[in-house]
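As a plain string of letters, each chain reads:
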Amino acid sequence: MSNLTLVLLAAGNSTRFEMEVKKQWLRIEDKPLWYYVAQNFEKTQNFSKIIIVASDEDITFMKNYASYHFVVGGTTRQQSLKNALSHVDSEYVLVSDIARACVSEELLNNIIKNHTDADCIVPYLKATDTIVYDNATIDRDKVKRLQTPQLSKTEVLRSALETEEEFTDESSAIVAHGGSRKLILGDEQTHKITYIEDLNKIPCLEAPSNDILTGNGFDVHAFDDKGEMWLGGVKIDSDFGFKAHSDGDVAIHSLIDALLGAAGMGDIGMMFPDNDDQYKGIDSKELLRRVVTKINNFGYVIVNVDLTIAAQKPRIGSYKDKMRETLASVMKIEKSKINVKATTTEKLGFIGRAEGVGVWSNANLKYFNWKI
Ligand SMILES: C[C@@](CO)(OP(=O)(O)O)[C@H](O)COP(=O)(O)OP(=O)(O)OC[C@H]1O[C@@H](n2ccc(N)nc2=O)[C@H](O)[C@@H]1O
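Residues numbered from 1 in each chain as written. Predicted model: local features only at pLDDT ≥ 70, side-chain atom pairs only at ≥ 80, totals over all residues. Heavy atoms only, no water.

In the annotation of an unreviewed UniProt entry, the protein chain is listed under the name Bifunctional enzyme IspD/IspF and assigned to Sulfurimonas marina.

Written as structure tokens, this is what we have:
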């Protein structure tokens, strides 16, 4: 059906999911959930356009995976949908939530088959439990639990959403606006992922892959004949510091690049530009904290990290343990997963001439394992 646009809503902040990882970034094998869902739809239908609605930050990373049409979401599902609709120019639009991860080809074809029968085609499930509404038992045979995807006439949906009233699905807005709705039997497996325990109720989702993702980082800072020296998150007893925009902790900068590298998220300067005043003099442990939060939100878990600090001075042997403790606390991992090495360069090169310090780092990540 070539006059049909797919809109996938993935801008939710997963508040009820109550996990560090945002549900759209859970891995199915090695694919983020949003990508897994989009590819499944793409396999079953020839859409005129596929629009993914997500946050700015997510879109930056999503572009690593695919060249779909990305639209920044709004503060509510309805606003996100309106943002998407401004990019829809096909006669019909199919709207689904990424959280409904397992939409069968049969259900999708059945929705499409009925697309001319009403302004909105909606899958529903019957209510099998006794239903009490506002303390009164009601006739459960009249209760319909609506699901997505829902297929709407684009113009009908667009005008139905020109309202301040918030609706949790397209068909309710359309019916409230005087439009028609056709209900077709839905599918239990199109269950919406709202809580972490929902994941084990959905048979189509494969566990995350056991891949280990490796990244490396390298950074250098020249000595400054003034200021404090911070290295590995620890204050070094020294009468000289590093030339830098931040606190100059070259070990943490190298470690950040290794973490971002393993996650495929670019480098430290992209995330914290060294000409941005907000980072002037910043404690690099705060930068590391933000990077760890981001990689956890995007579905990664730190396995281990290893740093090599190349410096003719200062001697850091007595600081290593404190560095490991400090970094473990910031990264929320065991101290045993952090190794800090030090070496001179036998007086060779700029490091050997004690002009500055260079640090190499490696980091290993794995995917957050939700399939327990
Ligand atoms: C921590 C921060 C923030 O305060 O500054 P410092 O305290 O080190 O100065 C920065 O994140 C520290 O970023 P870092 O990446 O080490 O700085 P630079 O080496 O100057 O690179 C800055 C940006 O320029 C880009 N870059 C660098 C070298 C190059 N030949 N081409 C580039 O395009 C890099 O991708 C990086 O994103």
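Points about the nonpolar core
Heads up, the condition is: Nonpolar core, defined: a set of buried Ala, Val, Leu, Ile, Met, Phe, Trp, Tyr and Cys residues in which side-chain atoms within 4.5 Å join the residues together. Throughout, exposure labels follow a simple rule: accessible area from a 1.4 Å probe, protein chains only, divided by the maximum for the residue type, with under 20% read as buried, over 50% as exposed, and the rest as partly exposed. Segments assigned H or I by DSSP are reported as helices when at least four residues long, segments assigned E as strands when at least two residues long, and all are numbered from the N terminus. Boundaries of every domain are those given by an automatic assignment or by a domain database. It only takes one pair of heavy atoms within 4.5 Å for two residues to be counted as in contact.
Among the nonpolar cores identified, the biggest contains 97 residues, and Leu205, Leu259 and Met331 are the most heavily contacted of them. Tallying contributions element by element places helix H7 (residues 250-263) first for this core, with 10 residues. Lining this core are residues from two domains, each supplying at least three of them: domain 1 (4-201) and domain 2 (213-367). Those residues in contact with Leu259 that sit more than four places away from it in its chain are Leu288, Val291, Ile295, Ile302, Val305, Met331, Ala363 and Leu365.

Brief notes about the UniProt feature "binding site: a divalent metal cation" (unreviewed entry) in the protein chain
How we decide: UniProt positions are given in the numbering used here, feature names are shortened, and annotations may be inferred rather than shown by experiment. Any pair of nitrogen or oxygen atoms within 3.5 Å is treated as a polar contact; in protein, a donor-acceptor pairing is required on top of that, and neighbouring residues in sequence qualify only through side-chain atoms on both sides.
Mapped onto this numbering, the UniProt entry annotates "binding site: a divalent metal cation" (unreviewed entry) at Asp219, His221 and His253. In three dimensions, the annotated residues from a span of 35 residues occupy one location, with a maximal C-alpha spread of 9.9 Å. Looking at the secondary structure, you find Asp219 in strand E13 (residues 213-224). When residues no more than four places from it in sequence are discounted, the contact partners of Asp219 are Val250, His253, Ser254, Val357, Gly358 and Val359. Separated by 3.3 Å, the side chains of Asp219 and His253 make a polar contact. In this fold, His221 is placed in strand E13. The residues contacting His221, other than those within four sequence positions of it, are Phe242, Lys243, Ala244, Gly248, Val250, His253, Gly356 and Val357. A polar side-chain atom of His221 sits 3.0 Å from the main-chain carbonyl oxygen of Lys243.

Here we look at the site of the ligand
Short version of the rule: Residues are classed as near a molecule or strand on a simple rule: at least one heavy atom within 4 Å of it. Note that accessible areas follow from Shrake-Rupley with a 1.4 Å probe, and for residues the cover is restricted to the protein chains shown.
Among the 13 residues in the neighbourhood of the ligand, the closest are listed as His221, His245, Ser246, Asp267 and Phe272. A distance of 3.4 Å separates an oxygen atom of the ligand from a polar atom in the side chain of His253. In the environment of the ligand, an oxygen atom lies 2.6 Å from a nitrogen or oxygen atom belonging to the side chain of Asp267. Burial of the ligand by the protein amounts to 56% of the accessible area it has alone, namely 730 Å². A total of three residues in the shell around the ligand trace back to one element, the largest contributor, which is helix H8 (residues 268-271).

A word on the side chain of Gln78
Checked against the element boundaries, Gln78 lands in helix H3 (residues 77-85). Looking at Gln78, its side chain comes within polar contact range of the main-chain oxygen of Glu165, at 2.8 Å. Separated by 2.7 Å, the side chain of Gln78 and the backbone nitrogen of Phe167 make a polar contact. If we ignore the near neighbours within four places in the chain, the residues touching Gln78 are Leu161, Thr163, Glu165, Glu166 and Phe167.

What about the side chain of His245?
With respect to the helices and strands, His245 occurs in the loop between strand E16 (241-242) and H7. A distance of 3.3 Å separates the side chain of His245 from the backbone oxygen of Asp274, its partner in a polar contact. Excluding residues that lie within four positions of it along the chain, His245 makes contacts with Pro273, Asp274, Asn275, Asp276, Asp277, Tyr279, Lys280 and Gly281.

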